[in-house]
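# Coordinate analysis (summary)
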Amino acid sequence: AEGIQWLAAQLKDGKIVTKKIKEERDLLTKQLSCATTKIKVFEQSKENEKSLNKALQDIIKERDLIKKERDKVLSQLTTSSNEYDTVNQLVGDLNTNVKSLRKLT
């Protein structure tokens with residue numbers, strides 16, 4: 001009878017230990033799942049950062065192209081303005097010469 005009681009006590013203790021082990025396993029499984037989710041989120045954020053960096057680089061290239069185009073147009077405009085001033089000066093000189101010639105005739 002003592003042996004049976006001892007075995008029953010051992011079985012009861014074993015069930016308690018098994019239950020605790022299962023609880024620990026479940027907790028570890030939840031923690032692992034949480035860690036896996038955090039890793040996935042981190043990896044996604046790294047991918048998002050790469051995408052944002054590429055988009056930023058594209059925007060910078062586009063901005064630089066626009067600046068070059070603007071500088072080219074401004075240069076042409078300045079040249080046109082200078083040529084316009086020169087033409088105006090020549091027309092003015094021509095008018096002065098015509099007036100001088102008219103006075104002589």
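Whatever comes next refers back to the structure up there.
Residues numbered from 1 in each chain as written. Predicted model: local features only at pLDDT ≥ 70, side-chain atom pairs only at ≥ 80, totals over all residues. Heavy atoms only, no water.

## Some remarks on the overall build of the protein chain
Our working definition: Strands here are runs of E lasting at least two residues and helices are runs of H or I lasting at least four, both read from the DSSP assignment and numbered beginning at the N terminus. With the radius of gyration taken over C-alpha atoms, the globule rule is written as 2.2 Å times the number of residues to the power 0.38. In this scheme, a residue with accessible area under 20% of its type's maximum is buried, one over 50% is exposed, and one in between is partly exposed, where area comes from a 1.4 Å probe on protein chains only.
Helix and strand counts for the protein chain come out as one helix and zero strands. Over its C-alpha atoms the protein chain spans a radius of gyration of 45 Å, topping by over 25% the 13 Å that the globule rule assigns to 105 residues. When the backbone C-alpha atoms are referred to their principal axes, the protein chain occupies close to 155 × 15 × 5 Å. Within the protein chain, buried positions represent 0% of all 105 residues.

## Some points on the pattern of salt bridges
The following threshold applies: Salt bridges, as used here, are contacts in which a Lys or Arg side-chain nitrogen is within 4 Å of a carboxyl oxygen on Asp or Glu.
A full pass over the atoms with the stated rule returns five salt bridges. Arg70 is paired through a salt bridge with Asp71; the nearest N and O atoms lie 3.1 Å apart. The class of Asp71 is partly exposed, set by a relative accessible area of 41%.

## Examining the environment of Arg102
Here Arg102 shows up in helix H1 (residues 2–104). Separated by 80 residues in sequence, Arg102 and Lys22 have C-alpha atoms that sit 117 Å apart.

Honestly, that's just the spatial picture; any functional story needs more than this.
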